[in-house]
Amino acid sequence: MAAIKRFFQKRKLNVTFKRAGDGHRLSEESRPTPRTVTREPVQSVPRQETSREAQKAAEAALLRTQAAVSQRAKMKQEMEAELRQQEQTIAAGEAARAGPAKVELDSAPVLSHILYTCPDIGPAVLPKNEIYNYIEEFLLKQIGEEPEMTSALMIHTLNKDKEKVGICIETLVKILGNIIANPGEEKYRKIRLTTKAFTEKIDPLKGSNEFLQAAGFHIVSQLVNGTEENFYVMDEVIAQDSERLTGLKEVLLAAEPIKPQLDRDLKVYHPSQQASKFDIPNEFYNVNPEEIKKEHQRRQEAVEKLGMLRTKAMRERDELRELRKYRFTLIRVRMTDGMLLQGTFKAQEKVSALFSFVRENLATDWIPFQLLSVGQKLDEDNTFAEAGLVPAVVVTFTLDQTLVADLKAQQGAGAGSAILKPEIMTLVATL
């Protein structure tokens, strides 16, 4: 692009010099003003009628020009649409950071932070940093009852660097394998705590020392070249139990990290004109407002200049960047009675998760339904980001009216008309 700009600048400079006329030396006397020569008027030659071939060529050239103009207009429309999307994103980001004052609520703020749960260990619903503390506290409480399994879970769960976790597990498995193969060899039953392998691969990881102690190692001080050093040592009697050590090795390899799950943070609201107003926390975004504004400015310049024809690869890269812009999305489902069912989802989850969420809260969970966004049916196989359902959106719940009429006919006039489960309706609040 810079090279093209320089080329056109040079062309403009050459044209300017040519219009100025021929140059002359400063030592030369100024040249006399050239005389104006009066020419005899030339008799005009009558134009010949344009040939058929020339007319066709002119028409083809005109069509090509119109096609080029149409293509540029189409590009401009596409880029202006992207700009409008950028403006909406910026507005959403600024609204999120302006706090709940911009959203009038009769109850608590719509969403102050992302919540997580871990059903395997308890009913707690907490923010991300607190849920990890909750998991660690749970494991520490279990270490006394099941030290082998718990310590293995601690290694997998409490350390974020998966590469280091893999190296630690590989090293511990190798230590156990050497003991199983050579239970009588003392050198395989001793781990010097000052070696590089221990200080870099094992000791820094949470749960690793607990695992060694659960395996049967205990710390012993010994003199080495006149200096007292600490060792992990396993007694030979314990080392002889190869079946137990083999099982312990398998536990370490088979264990999986305890992962918190995103809590849907289920909420139900009365019908409201405020349904499209959202209070989105910063956690929803992968980029900060400054980066969003820079991207908006870049696209604005591209629209104004229309100097860059985007290739397919460039468009795909922009689309991928757009898909990764959001981490979460807040979905409100407007039911047929106007009630609003709200849940939180990951931006890269499939839309099928929304269908499951709605279904599990219906009073009649087997009934077929559709979810619409801007009048279009949602594709369950798309992610929320691919479907454009980020960072917050209202979708519409619909039922087949023929099926509804048949159900009413079968159940009678006294049948309940509630769409959501009674226990869900006890959570109803007001926007």
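These numbers come from a predicted model, not from an experiment.

Going from Val390 to Pro391, the amide bond is cis rather than trans, its omega being -5 degrees. Tracing the sequence through the fold places Pro391 in the loop between strand E11 (376–377) and strand E12 (392–398). Backbone geometry places Asn225, a non-glycine residue, at a positive phi of 55 degrees. Looking at the secondary structure, you find Asn225 in the loop between strand E4 (217–224) and strand E5 (227–234). Residue classification places Asn225 among the exposed positions, given a relative accessible area of 81%. Even without glycine at this site, Val374 takes up a positive phi of about 50 degrees.

With antiparallel pairing, the three strands of this open sheet are ordered in space as E3-E5-E4. Here the strands that pair on one side only, and so sit at the sheet edges, are strand E3 (190–192) and E4. The sheet shows a mean angle of 35 degrees between the axes of neighbouring strands, taken without regard to direction. Pairing of E4 with E5 involves eight bridges; the strand directions are antiparallel. Residue pairing across strands places Leu223 opposite Glu228, the latter belonging to E5. Helix H7 (residues 208–215) rests against E3, E4 and E5 of the sheet, and its axis sits at about 65 degrees to E5.

What follows concerns H7. Taken across its eight residues, H7 has six buried, putting it largely inside the fold. When H7 is considered as a whole, its buried residues turn out to be Ser208, Asn209, Phe211, Leu212, Ala214 and Ala215. Looking one or two residues beyond H7, the residue adopting positive phi is Gly216, at roughly 120 degrees.

Turning our attention to the pattern of salt bridges. This structure, assessed with the given rule, holds five salt bridges. The salt bridge involving Arg244 is made with Glu148; its shortest N-O contact spans 3.0 Å. One end of the pair, Arg244, is in helix H9 (residues 242–254); the other, Glu148, is in helix H4 (residues 147–157), with 96 residues separating them in the sequence. A salt bridge links Arg192 to Glu229, with the nearest nitrogen and oxygen atoms 2.7 Å apart. With a gap of 37 residues between them, Arg192 in strand E3 and Glu229 in strand E5 connect regions that are remote in the sequence. The exposure class assigned to Arg192 is partly exposed, which follows from its relative accessible area of 31%.

As a packed pair, helix H5 (residues 162–181) and H9 sit with axes 10 Å apart at the nearest point and diverge in direction by 165 degrees. By the angle between their axes, H5 is roughly antiparallel relative to H9. The two elements H5 and H9 cross, and the hand of that crossing is left-handed. Residues Ile169, Leu172, Val173, Leu176, Gly177, Ile179 and Ile180 of H5 lie in contact with H9, whose contacting residues are Ser242, Leu245, Thr246, Leu248, Lys249, Leu252 and Leu253. The class makeup of the residues in the contact of H5 with H9 is ten nonpolar, three polar and one charged.

What counts as what
Residues numbered from 1 in each chain as written. Predicted model: local features only at pLDDT ≥ 70, side-chain atom pairs only at ≥ 80, totals over all residues. Heavy atoms only, no water. Helix = DSSP H or I, 4+ residues; strand = E, 2+ residues; numbered from the N terminus. Buried < 20%, exposed > 50% of the residue type's maximum accessible area, 1.4 Å probe, protein only. Pairing = 2+ DSSP bridges. Axes fitted to C-alpha atoms, helices over the stretch in contact; angles between N-to-C directions. Contact = heavy atoms within 4.5 Å. Salt bridge = Lys/Arg side-chain N within 4 Å of Asp/Glu carboxyl O. Parallel < 35°, antiparallel > 145°, perpendicular 65-115°, else oblique. Left-handed = near helix turned anticlockwise from the far one by under 90°. Nonpolar A, V, L, I, M, F, W, Y, C, P; charged D, E, K, R; others polar.

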